[in-house]
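Results of the structural survey
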Amino acid sequence: MKFSVVLLLSIYLLCIIQGCSNEKIFKLPITFQEGYGPFDSAMVGISPYSDNENDPWKKTYLKTSGIPKNWTDVKIGDVDTDIYQSVYQNYYLGNITKERYEELQKTWNWEPDSINLSKKPIKSKIAFAFGRDTVGELQMIVDANNNHDFSDDDIFKPKEVNPKRNINNDSLVKSSAIKVSFEQFSNDKIIQVSAPLLIVHMKQYNMFLSNFAQYATARFQGEEIAISSNDFTNLSYDKVGIIKVGDLIEKGEKADYQSLIAKNEFLEIENGIYKNLGVKKNENVLVLEKMDLPKSKLPSTQIGFKAYDFSGDDFKTKTPITLDSFKGKYVFLDFWATWCGPCIQEMPNLTDLYENIDKSKFEIIGIVGDSPAEDLEKMINKHSISWPQIISNESNKIKETYGIGGYPTTFLLNPNGIIVAKNLRGKELEKKVTDLMNE
């Protein structure tokens, strides 16, 4: 009896020291920060409202007042802080048809989450207007306080940027961002929040670009985690990228795009592996799930992890192909499209590599997305493509499985199906493959 008590006490103390929690899901409170933090930021084009009466978005247009009366060539539009919230509420308001609503879900691969979205309308859009003043200069106004009245907002000349030069968004935010107010659905309540909105103009294309200079942070096991929302193009936090901050900010460095951990990818902290389940906007938390398996058993698009298996038919022979069937070989997965210039430029390099390599040890698999079959046929003949090609479609969903957002995207796998490199091209790809096969 005494031995049992001592044993139990020892186990209890060991649990205190080493941790015996079976907890799998961790909800980490997030704090919103202004700026881009350790991230590079993208910008998205914004357009004024259409004059087309058949525009399916027509009923969602904001009704505004207070535009300066001496302006000419006036155009009005809005910037969405959360396009998913906007679509969700406008569907329930009857401003978007059921057909359009279902089409958007399919196009965006989006399943509306009623827990994180409000059926009750919220002010999730920011109105803007632009026009020419009495001397013909382009002027702009943003409804910063979101009262749909421009008369109490400042008129400004939008900052001009040159697309041929590197745009320093961090500097632009400091000099040109506008603090805007809007509403969010949080803790089952509609709350008012704010964030810096950056709008710039490209004169060459007569086009406006924008983004929101906001990111979030959380802490876990002594590490600070930074979280970006949709490349800063909106604040839905539907597509998040996370990274351990470390000393990135102190060194003034930005995180390499490939190092960002997307939703359903894995974060390594303190010898543990955690799946990024994304941000729950209603709770304002980042959700992580602890994994029991090693990296080599976890499917992901990250270097060091197991590549997702897939199956599809070879375009020319109609022979079924599975990634798993190529185990024992190095495999280069090339996600491309027939209209993608950089993809087509790379074809001679891939052809040369494929013709001069030991195919018993190496294979290329082309995964073709967003391209008509007849265009692929032409490309195969024109560029003498002899390696297998699979069209990613609604049946196999290979593009969606790998989360491909642009072309070309490539993965190099070792004979065990582990990703060893990403987005290699040209001589860099040839050298990497040659070095690996000569080890």
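Computed from a predicted model, the values in this text were never measured in an experiment. (Residues numbered from 1 in each chain as written. Predicted model: local features only at pLDDT ≥ 70, side-chain atom pairs only at ≥ 80, totals over all residues. Heavy atoms only, no water.)

**Observations regarding the state of the cysteines**
Here a disulfide denotes a covalent bond joining the sulfur atom of one cysteine to the sulfur atom of another. Applied cut-off: Throughout, disulfides are identified as pairs of cysteine sulfur atoms within 2.5 Å of each other. For the exposure calls, accessible area comes from a 1.4 Å probe over protein chains only, and a residue counts as buried if that area is under 20% of its type's maximum, exposed if over 50%, partly exposed in between.
Overall, the coordinates contain one disulfide when judged by the stated rule. Covalently, cysteine 340 is tied to cysteine 343 through a disulfide, its sulfur atoms 2.3 Å apart. Between cysteine 340 and cysteine 343 the sulfur-sulfur dihedral comes to about 80°; the bridge is accordingly right-handed. The burial state of cysteine 340 is the same as that of cysteine 343; both residues are buried.

**Some words on the nonpolar core**
The criterion, for reference: Only buried residues count toward a nonpolar core, which is a set of Ala, Val, Leu, Ile, Met, Phe, Trp, Tyr and Cys residues joined through side-chain atoms within 4.5 Å. Numbering of helices and strands starts at the N terminus; helices are DSSP runs of H or I of at least 4 residues and strands are runs of E of at least 2. Any two residues having at least one pair of non-hydrogen atoms within 4.5 Å are treated as being in contact.
In this structure, Phe310, Leu323, Leu333, Phe335, Phe362, Ile365 and Tyr402 are the most contacted members of the largest nonpolar core, which totals 45 residues. Secondary-structure elements contributing two or more residues to this core are β21 (330–336), α5 (341–355), β22 (362–368), α6 (373–383), β24 (409–413), β25 (419–422) and α8 (426–438). The biggest single contributor to this core is β21, with six residues. Sequence-distant contacts of phenylalanine 310, that is, excluding residues within four places in its chain, are made with Ile321, Thr322, Leu323, Leu333, Ile365, Ile367, Ile390, Ile398 and Tyr402. Judged by nonpolar contacts, the second largest core, of 36 residues, contains Ile46, Ile227, Tyr237 and Leu267.

**Focus: the domain arrangement of the protein**
Quick reminder of the rule: In this entry, domain limits derive from an automatic or database-based domain assignment.
Here the domain parsing of the protein yields domain 1 (25–34 + 214–292), domain 2 (44–212) and domain 3 (305–438). Measuring from the centre of the C-alpha atoms in domain 2 to the corresponding centre in domain 3 gives 39 Å.

**Things to note about the pattern of salt bridges**
Let me state the cut-off plainly: Note on definitions: salt bridges are taken to be side-chain nitrogens of Lys or Arg within 4 Å of carboxyl oxygens of Asp or Glu.
In the structure shown here, the tally under the stated rule is 18 salt bridges. Residues lysine 179 and glutamate 34 are paired through a salt bridge, measuring 2.9 Å at the closest nitrogen-oxygen approach. Taken together, the residues span a long stretch of sequence, with lysine 179 in strand β9 (residues 178–186) and glutamate 34 in strand β2 (residues 31–34) at a distance of 145 residues. Taking relative accessible area as the criterion, glutamate 34 reaches 52% and is therefore assigned exposed.

**Here's the deal with the sheet that holds β24**
Note the following rule: If DSSP finds at least two bridges between two strands, the strands pair. As a rule, the C-alpha atoms of each element are fitted with a line to give its axis, helices using only the stretch in contact, and angles between N-to-C directions run from 0 to 180 degrees.
With mixed pairing, the five strands of this open sheet are ordered in space as β23-β22-β21-β24-β25. Unpaired on one side and paired on the other, β23 (389–391) and β25 mark the two borders of the sheet. Pairwise comparison of adjacent strand axes, ignoring direction, gives a mean angle of 20° for this sheet. Direction of pairing for β24 relative to β25: antiparallel, over a ladder of three bridges. From the neighbouring strand, leucine 412 faces β25, where its bridge partner is alanine 421.

**Some remarks on α5**
Definition in use: Here, expected helix span is obtained from the residue count minus one, scaled by 1.5 Å. A residue's bend is simply the angle between two axes: one fitted to the seven residues ending at it, one to the seven starting at it.
Helix length check: α5, at 15 residues, gives a terminal C-alpha distance of 22 Å against a target of 21 Å (1.5 Å per residue), a fit within 8%. The largest bend in α5 is about 35°, located at methionine 347, with the proline proline 348 one to four residues further on. Looking only at α5, the buried set comprises Cys343, Glu346, Met347, Leu350, Thr351, Leu353 and Tyr354.

**Remarks on the layout of surface pockets**
The line we're drawing: In this analysis a 1.4 Å probe is tested at points of a 1 Å grid over the protein atoms alone, and where it fits but cannot get out there is a cavity; an open set with protein on both sides within 12 Å along at least five of seven lines is a pocket; lining residues have an atom within 4 Å of a point. Grid points are joined across faces, edges and corners, and a volume is the space filled by probe spheres set on the points. For this classification, Asp, Glu, Lys and Arg are treated as charged, while Ala, Val, Leu, Ile, Met, Phe, Trp, Tyr, Cys and Pro are nonpolar and the rest, including Gly, are polar.
Of the voids in this model, the second largest pocket is the one considered here, and its volume is about 250 Å³. Surrounding the second largest pocket, 17 residues form its lining, Leu62, Gln89, Pro121, Ile122 and His148 being those nearest its centre. Considering each element in turn, the lining of the second largest pocket owes the most residues, three residues, to helix α2 (residues 83–92). The residue makeup of the lining of the second largest pocket, split by class, is five nonpolar, eight polar and four charged.

**As for the side chain of threonine 301**
This is how it is decided: Counted as a polar contact is a pair of N or O atoms within 3.5 Å, where, for protein atoms, one must be capable of donating a hydrogen and the other of accepting one, and residues adjacent in sequence contribute only when both atoms are in side chains.
Mapped onto the secondary structure, threonine 301 falls in the loop between β18 (285–290) and β19 (311–313). Under the relative-accessibility criterion, threonine 301 is labelled buried at 8%. Looking at threonine 301, its side chain comes within polar contact range of the side chain of glutamate 265, at 2.3 Å. Apart from the residues lying within four places of it in its own chain, the contact partners of threonine 301 are Glu265, Tyr308, Tyr402, Phe411, Ile419 and Lys422.

**Remarks on the packing of α5 against α8**
Heads up, the condition is: Small angles under 35 degrees read as roughly parallel and large ones over 145 as roughly antiparallel, with 65 to 115 read as roughly perpendicular and the rest as oblique. Two helices that cross are described as forming a left-handed crossing if the nearer one is turned anticlockwise from the farther one by less than a right angle, and a right-handed crossing if clockwise.
In contact at an axis separation of 9 Å, α5 and α8 are set at 25° when each is read in the N-to-C sense. If you check the angle between α5 and α8, you find them roughly parallel. The interaxial crossing formed by α5 with α8 has right-handed handedness. The residues of α8 that touch α5, namely those facing Glu346, Asn349, Leu350 and Leu353, are Gly426, Leu429 and Glu430. In the contact of α5 with α8, the residues fall into three nonpolar, two polar and two charged.

**Some words on the side chain of serine 300**
Inspection of the secondary structure puts serine 300 in the loop between β18 and β19. Excluding its chain neighbours within four sequence positions, the residues that come into contact with serine 300 are Glu265, Phe266, Phe305, Lys306, Ala307, Tyr308 and Ile419.

**Concerning the environment of lysine 125**
Here lysine 125 shows up in strand β5 (residues 125–132). Not counting chain neighbours up to four residues away, the residues in contact with lysine 125 comprise Thr60, Leu62, Asp78, Val79, Asp80, Ser86 and Asn146. A polar side-chain atom of lysine 125 sits 3.3 Å from the main-chain carbonyl oxygen of threonine 60.

**A word on the sheet that holds β18**
Within a sheet, each strand pairs with its neighbour through backbone hydrogen bonds, oriented either parallel or antiparallel. Reading across the sheet, the four strands line up as β1-β18-β17-β16 and stay open at both edges, with antiparallel pairing between neighbours. Each of the sheet's edge strands pairs with one partner strand only, and the pair in question is β1 (25–29) and β16 (266–269). On average, each strand axis in the sheet is tilted by 35° relative to the strand beside it, whichever way the strands run. Pairing between β16 and strand β17 (residues 272–280): four bridges, direction antiparallel. Bridging from a neighbouring strand, isoleucine 269 pairs with glycine 272 of β17.

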